[in-house]
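Survey of secondary and tertiary structure
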Amino acid sequence: MSLQAAQNQSSPAGPSTDSSKALYGGKSTRRITVHDIAAATERGEKWPMLTAYDAMTASVFDEAGIPVMLVGDSMGNVHLGYETTVPVTMDEIAMLSAAVVRGTKRAMVVADLPFGSYQEGPVQALRNATRLIKESGVGAVKLEGGERSHEQIRLLVEAGIPVMAHIGLTPQSVNAMGYRVQGRGEEAAQQLLRDAKAVQDAGAFAVVLELVPAELAAEVTRTLHIPTVGIGAGAGTDAQVLVYTDMVGLTGGKVPRFTKQYANLRQVLGDAAKEFADEVVGGTFPAAEHTFH
Ligand SMILES: Nc1nc(=O)c2c([nH]1)NC[C@@H]1CN(c3ccc(C(=O)N[C@@H](CCC(=O)O)C(=O)O)cc3)CN21
Ligand SMILES: CC(C)C(=O)C(=O)O
Ligand SMILES: [Mg+2]
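Going by the annotation in an unreviewed UniProt entry, the name recorded for the chain is 3-methyl-2-oxobutanoate hydroxymethyltransferase, with Streptomyces rubiginosohelvolus given as the source organism. The annotation that UniProt attaches to the chain under Sequence similarities (unreviewed entry) is "Belongs to the PanB family." Under the UniProt heading Function (unreviewed entry), the note attached to the chain is "Catalyzes the reversible reaction in which hydroxymethyl group from 5,10-methylenetetrahydrofolate is transferred onto alpha-ketoisovalerate to form ketopantoate."

Right, here's the structure in full:
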């Protein structure tokens, strides 16, 4: 968010209180667009984004008022059982993106372009992004990389496809960069700022900042006019995103330190499965009310 927008936010009138216009919890029943996102950010509203990978979960988040849903390639880790996001394919993203679109009425659905679907160049990026727009019905795509991806972003935007960029830790490059905090030190910080400006200049409507120091994320947010979406980037970004299975305590094993767990669905699901199993073994399920004669 620009300084101008920050000044709007702290102007005597204060931020907009018209909840029908608000991005989160707004009353509009039409689908949210990139224009709504830009307008909300200009009004100084912070907004939430969650990942979703199926129609049922997406409908829960849609009814909860989550305005933007990301069909993340983190589906590789959490839903498909891969070690990293690297093996995720276009077919997997396309299928689950279509499900999330079917499960939502109001949210803007953004699909990750998976590793290998845009690195060959802008033409490959356009072919694969077009497939997700036409076949899955998403409203935007996301791809990783700053300066290195600016040509891809530019061609997609010229073709009328809204693009969310993703810089800082870019998990598709795990084999080269690991999962370390990015942008530490003066040189790395300058590179992150160049990456942020490059994706804005290329026409991205928003940019994810993953695992960067909070002070740097806040500086990027002040510098850009497009919204920044933080994950492990502190409280100074315009929006926040989390992998939903981390947020609800469903992910097995280790989760990143930047995650906050708002529920323990792993416990709830496990307890339900055990109770069902105990009742089957004990002969108390099914009971009379579950039985036909
Ligand atoms: N379940 C899940 N949650 C995520 O947030 C997520 C995925 N999967 N898969 C794709 C990427 C990979 N992500 C990761 C993975 C590991 C760390 C991690 O281990 N971070 C260390 C900090 C390392 C440092 O200090 O430099 C940590 O302790 O959190 C962070 C982000 C974020 N994304
Ligand atoms: C964590 C977010 C930004 C993401 O790219 C994903 O879920 O794949
Ligand atoms: Mg991703």
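On we go from here.
For the rest of this paragraph, the subject is the site of ligand 1. By nearness alone, 17 residues border ligand 1, and Asn77, Val181, Glu210, Asp246 and Arg257 come closest of all. Take Asn77: an N or O atom from its side chain is 3.4 Å from a nitrogen atom of ligand 1. Taking Arg257, its main chain carries an N or O atom lying 3.0 Å from an oxygen atom of ligand 1. If ligand 1 stood free it would expose 660 Å²; the protein chains cover 76% of that surface. Because more than half of its atoms lie within 2 Å of the grid, ligand 1 is assigned to the largest pocket. The residue inventory of the shell around ligand 1, partitioned by class, reads eight nonpolar, four polar and five charged.

What follows concerns a nonpolar patch on the surface. Where nonpolar side chains cluster on the molecular surface, the patch consists of Phe276, Val280 and Phe285 and spans about 270 Å² of accessible area. By the element assignment, Phe285 lies in the segment after helix H12 (265-282). Judged by relative accessible area, Phe285 falls into the partly exposed class, the value being 33%.

On to the UniProt feature "binding site: Mg(2+)" (unreviewed entry) in the chain. Mapped onto this numbering, the UniProt entry annotates "binding site: Mg(2+)" (unreviewed entry) at Asp73, Asp112 and Glu144. In three dimensions, the annotated residues from a span of 72 residues occupy one location, with a maximal C-alpha spread of 10.9 Å. When only the residues just named are considered, the largest pocket is lined by Asp73 and Asp112. With respect to the secondary-structure elements, Asp112 resides in strand S3 (residues 108-112). With near-sequence residues (within four places) excluded, Asp112 lies in contact with Leu70, Val71, Gly72, Asp73, Ile93, Leu132 and Lys142.

Criteria and thresholds
- Residues numbered from 1 in each chain as written.
- Chains lettered and ligands numbered in written order.
- Predicted model: local features only at pLDDT ≥ 70, side-chain atom pairs only at ≥ 80, totals over all residues.
- Heavy atoms only, no water.
- UniProt positions renumbered as here; feature names shortened; annotations may be inferred.
- Near = heavy atom within 4 Å.
- Polar contact = N/O pair within 3.5 Å; in protein donor to acceptor, adjacent residues only side chain to side chain.
- Areas by Shrake-Rupley, 256 points an atom, 1.4 Å probe, with all protein chains shown as cover.
- 1 Å grid on protein atoms, 1.4 Å probe; cavity = no way out; pocket = protein on both sides within 12 Å on 5 of 7 lines; lining within 4 Å.
- Sits in = over half its atoms within 2 Å of the grid points.
- Nonpolar A, V, L, I, M, F, W, Y, C, P; charged D, E, K, R; others polar.
- Patch = residues over 30% accessible without salt bridge, like charges linked within 9 Å, V, L, I, M, F, W, Y side chains within 5 Å.
- Salt bridge = Lys/Arg side-chain N within 4 Å of Asp/Glu carboxyl O.
- Helix = DSSP H or I, 4+ residues; strand = E, 2+ residues; numbered from the N terminus.
- Buried < 20%, exposed > 50% of the residue type's maximum accessible area, 1.4 Å probe, protein only.
- Contact = heavy atoms within 4.5 Å.

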